[in-house]
Structures are given as structure tokens and as C-alpha cells.
Amino acid sequence: MNARTGPEAGGEWTREPTHPKPGMSVRATTAYYEIMAPLMLPFVEGRLLNLYRFRQERCYFQRSRAHPPSGRDFKDPVRFEPVAQKNGRTEDYLYVTDTAGIVACARVQTVEFHGWGSRAGAVERPDRLVIDLDPGEGVTFEDVKNAALLVRRSLKATNLESFALVTGGRGIHVVVPLTPEAEWPQVRQFAKLFCTALATADPARFTVSLPKAKRSGRIFLDFLRNQRTATAILPYSARARDGAPVAVPLTWAELPALGRANEYTIADAALLTKRAKRHGIGNWGRSEQRLPLLA
């Protein structure tokens, strides 16, 4: 989609790509984050963020303080980490350290929280790996659930514990927490080799091919979220879609009974808070483990 710009004091507010605003209330999502911020904090705290925001009936990504310039909306308690870019410049990326920071982001029309695989102070050493199971046309949610369970078993064969996150869209993220020791190239290479091996073993079911035309009837194993500057939706983030669905962490035992990836919405804040007190959810995403050495 072509970039869309709009006037503000001082000129155009963004040359970044923008998208139509769905039929949802920013006031409602702000109220949701005011309730859910304590539950979100362990997954968001210190993590570099890309924020999906609303402005002038359009949606856009706030990728850093300067891109787009609307990053000047963010003040304390939102913080910034200077990160060197490939072009030699340094950009200030957003992060938060407390619930007040999450709420502050929501109050300037942030709807979705997307996180880097690393945190401020250790930007070059990811503390998680994410495999995104993205279904092509004709793939059912039942197919995606079964595939996620297969990915879990395959990761376990490499001595890696993993966790399921339904995205609030159509897919599932399989999240692998890591002790932040390996750097981006090693994490990306492991994810690529792992996903390629699965696609090679079962090409009728999986693909690692980017063109959407090649994904029909198959599940795209997206390993590209495991590289510097790439992001993934964070647990309990709302999604900028009609009905305001939510990305929700699940235990592996819960996954088979779930009807769809967007089953939970911001209206379920009380339910999500209650279920998070259960043992399996309370420990979700926690595991001290290192990336296996590649042969």
C-alpha cells in the first residue's frame, strides 16, 4: 500500500506506509491495557518495541523515535535505547520498564505491541526465538494446531522447551526462550535450518518460501522474525482488527481444544487475568536454556 501522509503542526506526520483504521475503539483498547499492563509486563519489560498506532483514521508502525516523527509523542516513563543501524546512523528505539510505560503507550493510540527478540542493554543477544506458523489459503486452524504440536516435538528433540502463542489472527507462534548468549546470526541460522529441515521432510505440509502464491494449502514456517530489528506480536497485545482480538499465551494442553486463533478479545480482560493465575500460564515463556550448537 502506498504511504499516506497527513498535516500536523510542522508539516506531514509520516511518509511511512499507513493502513485503514479498523472498526474498533482506541478508548476501549486503552482501558484494556490499563487492566492488563501487570500481566503484560514480564513479556514487554525492557524489550525493544515497534508499536502499531492509530492517527487520523490510519494505522502505522512507530518503528523508532524518528520513524515516523510522531515518536516525539513518547515521554517518560517510556524510554529509549540508541541502536546503531547498518547505514551508520543511530536510532532511538522505544522500550518500557513498568506498567506505567505500557499505559503511556496506549494513551497515545498504540493498539499493538510488537517486540524485538532482545532487550535494552543486550540488543545483540536475543532472549527468545520465534517460529511463526502462518497458514496459506485452504489451511484450517486444526491443521495449524497440529503443526504447532509437531514443531514443539521437533524442538524438544533438540532439548529446547517451547510455548504456544495464538496471534489473534490466523496463526500460532511457537516461542522458545533463550539465555541471552548467542548473537543474532547464530539464532537466525538455527531457526532457518530447523524450519528448512521440517519443510524438506514434509513439503506438502510446510514451506519456507516467501511468495504467497507458493503457500496455498501449506503452512509458512517464518523464521525471519529471528533477526536484528525483526519483531513479533507480544503476549496479551490487542490486534488492530475488527472485534479487537488479542494474542494469548496457551499451555500445550489447552491448545487442542481452542476453536480459533482469534478466540479471545479485549472484552475478555477479566477472564485472561483469572486464567493467568493457573500454574501453566504463570510459568509461560520461562526456561533457562541455551541454543544448541550447530553441527
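To be clear, the structure that these remarks concern was listed above.
These figures come from a predicted structure and were not determined experimentally.

Draft legend 1. Examining the overall build of the protein chain more closely. Secondary structure summary: the protein chain contains 6 helices and 15 strands in total. Against the globule reference of 19 Å for 295 residues, the protein chain gives a C-alpha radius of gyration of 19 Å, in line with a compact fold. Projected onto its principal axes, the C-alpha positions of the protein chain cover 55 × 45 × 40 Å. When the accessible area of the protein chain is evaluated, it comes to approximately 13,500 Å², of which 52% is carbon and sulfur surface. In the protein chain, 42 side chains carry a positive charge and 30 a negative one; their mean positions are 2 Å apart.

Draft legend 2. Fine view of the packing of helix 3 (residues 141-156) against helix 4 (residues 184-201). Running from amino to carboxyl end, helix 3 crosses helix 4 at an angle of 120 degrees, the nearest separation of the two axes being 12 Å. Classified by the angle between their axes, helix 3 and helix 4 sit oblique to one another. Considering how the two elements wind past one another, helix 3 and helix 4 form a crossing that is right-handed. Between helix 3, through Val151, Ser154 and Leu155, and helix 4, the contact on the second element is made entirely by Phe190, Phe194 and Leu198.

Draft legend 3. The arrangement of the packing of aromatic side chains in detail. Summed over all chains, the structure comprises 8 aromatic pairs. A ring pair is formed by Phe43 and Tyr236, whose centres lie 6.3 Å apart and whose planes are at 45 degrees; its orientation type is tilted. Of this pair, Phe43 sits in helix 1 (residues 26-44) while Tyr236 sits in the loop between strand 14 (232-233) and strand 15 (248-250); the two residues are 193 residues apart in sequence, bridging distant segments of the chain. Per residue, the accessibility class of Phe43 equals that of Tyr236, and both read buried. Centroid distance Phe43 to Trp284: 5.5 Å. Interplanar angle 80 degrees. Geometry classified as edge-to-face. Of this pair, Phe43 sits in helix 1 while Trp284 sits in the segment after helix 6 (279-282), and the two are 241 residues apart along the sequence. The class for Phe43 is buried, based on a relative accessible area of 16%.

Draft legend 4. Broad picture of the environment of Gln227. Mapping Gln227 onto the fold places it in the loop between strand 13 (219-222) and strand 14. For the pair Gln227 and Gln189, spaced 38 residues apart in the sequence, the C-alpha separation amounts to 9.3 Å. Apart from residues lying up to four places away in sequence, Gln227 is in contact with Trp184 and Arg188. A polar atom in the side chain of Gln227 sits 3.2 Å from the backbone oxygen of Leu224.

Draft legend 5. Structural context of the layout of surface pockets. Of the pockets and cavities examined, the largest pocket occupies roughly 820 Å³. In terms of lining, the largest pocket is formed by 32 residues, of which the most central are Asp132, Asp134, Arg225, Arg239 and Arg241. Of the residues contributing to the lining of the largest pocket, the split by class is 10 nonpolar, 10 polar and 12 charged. In this model, the second largest pocket occupies a volume close to 540 Å³. Lining the second largest pocket are 30 residues, and of these Pro42, Phe43, Arg119, Trp284 and Gly285 lie nearest its centre. Of the residues assigned to the lining of the second largest pocket, the class counts are 19 nonpolar, 5 polar and 6 charged.

Rules used throughout
Residues numbered from 1 in each chain as written. Predicted model: local features only at pLDDT ≥ 70, side-chain atom pairs only at ≥ 80, totals over all residues. Heavy atoms only, no water. Helix = DSSP H or I, 4+ residues; strand = E, 2+ residues; numbered from the N terminus. Rg over C-alpha atoms; globule rule 2.2 N^0.38 Å. Areas by Shrake-Rupley, 256 points an atom, 1.4 Å probe, with all protein chains shown as cover. Lys, Arg positive; Asp, Glu negative; His and termini not counted. Charge placed at Lys NZ, Arg CZ, Asp CG, Glu CD. Axes fitted to C-alpha atoms, helices over the stretch in contact; angles between N-to-C directions. Parallel < 35°, antiparallel > 145°, perpendicular 65-115°, else oblique. Left-handed = near helix turned anticlockwise from the far one by under 90°. Contact = heavy atoms within 4.5 Å. Phe/Tyr/Trp six-rings, centres within 6.5 Å; stacked < 30°, edge-to-face > 60°. Buried < 20%, exposed > 50% of the residue type's maximum accessible area, 1.4 Å probe, protein only. Polar contact = N/O pair within 3.5 Å; in protein donor to acceptor, adjacent residues only side chain to side chain. 1 Å grid on protein atoms, 1.4 Å probe; cavity = no way out; pocket = protein on both sides within 12 Å on 5 of 7 lines; lining within 4 Å. Points joined across faces, edges and corners; volume = space filled by probe spheres on them. Nonpolar A, V, L, I, M, F, W, Y, C, P; charged D, E, K, R; others polar.

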